[in-house]
Amino acid sequence: MKHNPFKYGELSTGENFCNRQAELKRLHGAFRDGQSVVLISPRRWGKSSLVNHALQTYKGKLISIKIDCFGIKSAEEFYDVLLKSVLVATSTRVQQVADSVKKHIRAMVPFIKYSIGEGEEIKVSLDLPRSRVDVDAILDLAQKIARQRKVRIVCCIDEFQKLSEWKDGGSLLEKLRSHWQKHKDVSYCLYGSKRHLMASLFADSSQPFYRFGETLFLKKISKEEWVRFLVAEFKRTGKVMDPALAGRLTDRVECHSYFVQYLARTCWNNAQNKVTPADLEVSHLELLNDHVALFQQIAKGLTQYQANYLKAVVAGERQFTSQRVLSEYAIGSQGNVKRIMDTLEDLEVLDFATGDPVFCDPYFAPLFKRYFVENR
Ligand SMILES: Nc1ncnc2c1ncn2[C@@H]1O[C@H](COP(=O)(O)OP(=O)(O)OP(=O)(O)O)[C@@H](O)[C@H]1O
Ligand SMILES: [Mg+2]
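Residues numbered from 1 in each chain as written. Chains lettered and ligands numbered in written order. Predicted model: local features only at pLDDT ≥ 70, side-chain atom pairs only at ≥ 80, totals over all residues. Heavy atoms only, no water.

(A) Spatial organisation of the sheet that holds strand S1 (residues 37-40). Taken in spatial order, the five strands line up as S2-S5-S6-S1-S7 in an open sheet, and their pairing is parallel. Taken across any chain shown, the strands that pair with only one partner, and hence form the sheet edges, are strand S2 (63-68) and strand S7 (214-217). Each strand of the sheet is rotated relative to its neighbour by a mean of 15°, with strand direction disregarded. Summarising the sheet, S1 and S7 pair through four bridges and their orientation is parallel. Bridging from a neighbouring strand, Val37 pairs with Glu214 of S7. (Pairing = 2+ DSSP bridges. Helix = DSSP H or I, 4+ residues; strand = E, 2+ residues; numbered from the N terminus. Axes fitted to C-alpha atoms, helices over the stretch in contact; angles between N-to-C directions.)

Put into structure tokens, the structure is as follows:
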């Protein structure tokens, strides 16, 4: 019995990784040249998977450092995590940690402890009095090690937009930029969701990270690529997926990476040998029902104006500031519309990158119709 190859909620790698050839090429080039990259996309389109896959498939010597800012709450914590991550990533033996510390951050020697964990992994723990933290030394450590050992280092920082939300975020960003831009042997790969926040961090001339690196706005994987991928993956695991049906599957979830995997996984489970249109219907309904709780959580926080605006969107309206739409859907004044748009974008219900409102998650519009339109 073959296993279901489709997965969501974890990074996609190996055979489960679909295409993204052009992006991989750009990332590989950046790693090779020491060029920093900024990667931006809405949630769950595949940033983390892409960076991870790019590192795994890079042909050449490379040390990668990965930091996820998701759970980090302050600059102080960030420096601790950075220091530990650099030491662990650049060492294969405990002695190497000791050497790096002695050579490059001597003043911190008494406060850094290292040991071997149960899985033979190197563990670094810090007992640093705040007054003894040398942030400049921490920030330059990766570059110093890279230079000394003549290796290339890529430092990947996920959910980078978080930094700007911390209390001391502004000064932290300035500090980082002033050091990182001098690093010749380390490339920084910074990525995150919250597209408008990320975009303003790197495209706004008043921001420290203005034009920091090559900026990549990740696109969705195209329908053609998904169809090829789905047909092949079903075949590899002993089931038949018709290309036309694979196209319909992809359309249902608007080529959204996470949801393509989700729906494909459900279809695989529901199908006997050949996936039928009925299997797709049942699976799609399952997907929607699995997301009802999540949907309701967002929906119950919507104001009447916001709900009305969304009704206009699902009805296909586009002229939101026209008198007709304003009064037909009771959206309030013209000035209200901008506020509604900002909030819905913040809530990650809608995305306005193309100008027109687009739902971030493909389950939202069908469920909104189910509970807010057809129900009435
Ligand atoms: N290239 C790909 N091929 C196949 N599936 C993919 C690909 N990229 C992403 N996915 C699917 O989408 C899901 C989300 O991907 P990933 O976590 O990489 O996105 P992300 O943009 O980093 O998300 P977040 O914004 O939550 O950090 C994965 O679990 C996987 O199922
Ligand atoms: Mg991610």
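Moving on from the model shown.
(B) Inspection of helix H4 (residues 94-104) at higher detail. The set of residues buried in H4 consists of Gln96, Val97, Ala98, Ser100, Val101 and His104. Considering only its buried residues, H4 is in contact with helix H3 (75-89), strand S3 (112-116), strand S4 (122-126) and helix H5 (135-149). (Buried < 20%, exposed > 50% of the residue type's maximum accessible area, 1.4 Å probe, protein only. Contact = heavy atoms within 4.5 Å.)

(C) Focus on the site of ligand 1. As a structural note, the neighbourhood of ligand 1 is formed by 22 residues, with Lys7, Glu10, Cys18, Lys47 and Ser49 the closest of them. Within the contact set of ligand 1, an oxygen atom lies 2.7 Å away from a backbone nitrogen or oxygen of Lys7. One of the backbone nitrogen or oxygen atoms of Gly9 is found 3.1 Å away from an oxygen atom of ligand 1. Of the pockets mapped on this structure, ligand 1 occupies the largest pocket. Elements that contribute at least two residues to the shell around ligand 1 include exactly helix H2 (47-56) and helix H10 (257-270). A per-class count over the shell around ligand 1 returns seven nonpolar, nine polar and six charged. (Near = heavy atom within 4 Å. Polar contact = N/O pair within 3.5 Å; in protein donor to acceptor, adjacent residues only side chain to side chain. 1 Å grid on protein atoms, 1.4 Å probe; cavity = no way out; pocket = protein on both sides within 12 Å on 5 of 7 lines; lining within 4 Å. Sits in = over half its atoms within 2 Å of the grid points. Nonpolar A, V, L, I, M, F, W, Y, C, P; charged D, E, K, R; others polar.)

(D) Region of interest: the side chain of His291. Within the fold, His291 resides in the loop between helix H11 (277-290) and helix H12 (292-299). If we ignore the near neighbours within four places in the chain, the residues touching His291 are Phe259, Tyr262, Tyr363 and Leu367.

(E) Seen up close, the domain arrangement of the protein chain. Segmenting the protein chain into domains produces domain 1 (20-217), domain 2 (223-290) and domain 3 (294-373). Centre-to-centre, using C-alpha coordinates, domain 1 lies 37 Å away from domain 2. If you look at the interface, domain 1 gives four residues, while domain 2 gives four residues. Taken over both partners, the interface formed by domain 1 and domain 2 buries close to 320 Å², and the fraction arising from carbon and sulfur atoms is 48%. Along the contact surface separating domain 1 from domain 2 lie two residue pairs in polar contact (both at pLDDT 80 or more). (Domains from an automatic or database assignment. Buried area = accessible area lost by both parts, 1.4 Å probe.)

(F) Here's a closer look at the layout of surface pockets. Volume-wise, the largest pocket comes out at about 590 Å³. Looking at the largest pocket, it is lined by 27 residues, and the ones nearest its centre are Leu11, Arg44, Gly46, Ser48 and Ser49. At the level of elements, H2 and H10 are the ones that each hand at least two residues to the lining of the largest pocket. A per-element tally of the lining of the largest pocket places H2 first, with four residues. The residue inventory of the lining of the largest pocket, partitioned by class, reads ten nonpolar, eight polar and nine charged. Looking at the second largest pocket, its volume works out to about 350 Å³. Lining the second largest pocket are 21 residues, and of these Arg43, Leu347, Glu348, Val349 and Asp361 sit closest to its centre. For the lining of the second largest pocket, the secondary structure elements donating two or more residues are helix H7 (195-203), H12 and strand S8 (350-351). No other element matches H12, which puts three residues into the lining of the second largest pocket. (Points joined across faces, edges and corners; volume = space filled by probe spheres on them.)

(G) Spatial organisation of the packing of aromatic side chains. Throughout the structure, instances matching the rule amount to 26 aromatic pairs. When the ring of Phe6 is compared with that of Phe229, the centres are 6.3 Å apart and the planes differ by 70°; the resulting orientation is edge-to-face. Of this pair, Phe6 sits in the segment before helix H1 (21-33) while Phe229 sits in helix H8 (residues 223-236), and the two are 223 residues apart along the sequence. Phe229 matches Phe6 in its accessibility class, with the two residues each being buried. Aromatic side chains Phe160 and Phe202 sit 5.8 Å apart centroid to centroid with 35° between the ring planes, which places their arrangement in the tilted category. Of the two residues, Phe160 sits in the loop between strand S5 (153-158) and helix H6 (169-180) while Phe202 sits in helix H7, which places them 42 residues apart along the sequence. On the accessibility criterion, Phe160 (0% relative accessible area) is buried. Within the aromatic cluster, the residues linked to one another by ring pairs are Tyr8, Tyr258, Phe259, Tyr262, Phe295, Phe359, Tyr363, Phe364, Phe368, Tyr371 and Phe372. Geometry around Tyr258 places Arg44 over its ring, the cationic atom sitting 4.3 Å from the centre. (Phe/Tyr/Trp six-rings, centres within 6.5 Å; stacked < 30°, edge-to-face > 60°. Lys NZ or Arg CZ within 6 Å of the ring centre and 35° of its normal.)

(H) Representation of empty space enclosed by the protein. Tallying each qualifying case throughout the model produces one cavity of 30 Å³ or more. Space inside the largest cavity adds up to approximately 30 Å³. Lining the largest cavity are Leu82, Val86, Ile138, Leu139, Ala142, Cys155, Trp180 and Tyr188. If you tally residues by element for the lining of the largest cavity, the top one is H5, at three residues.

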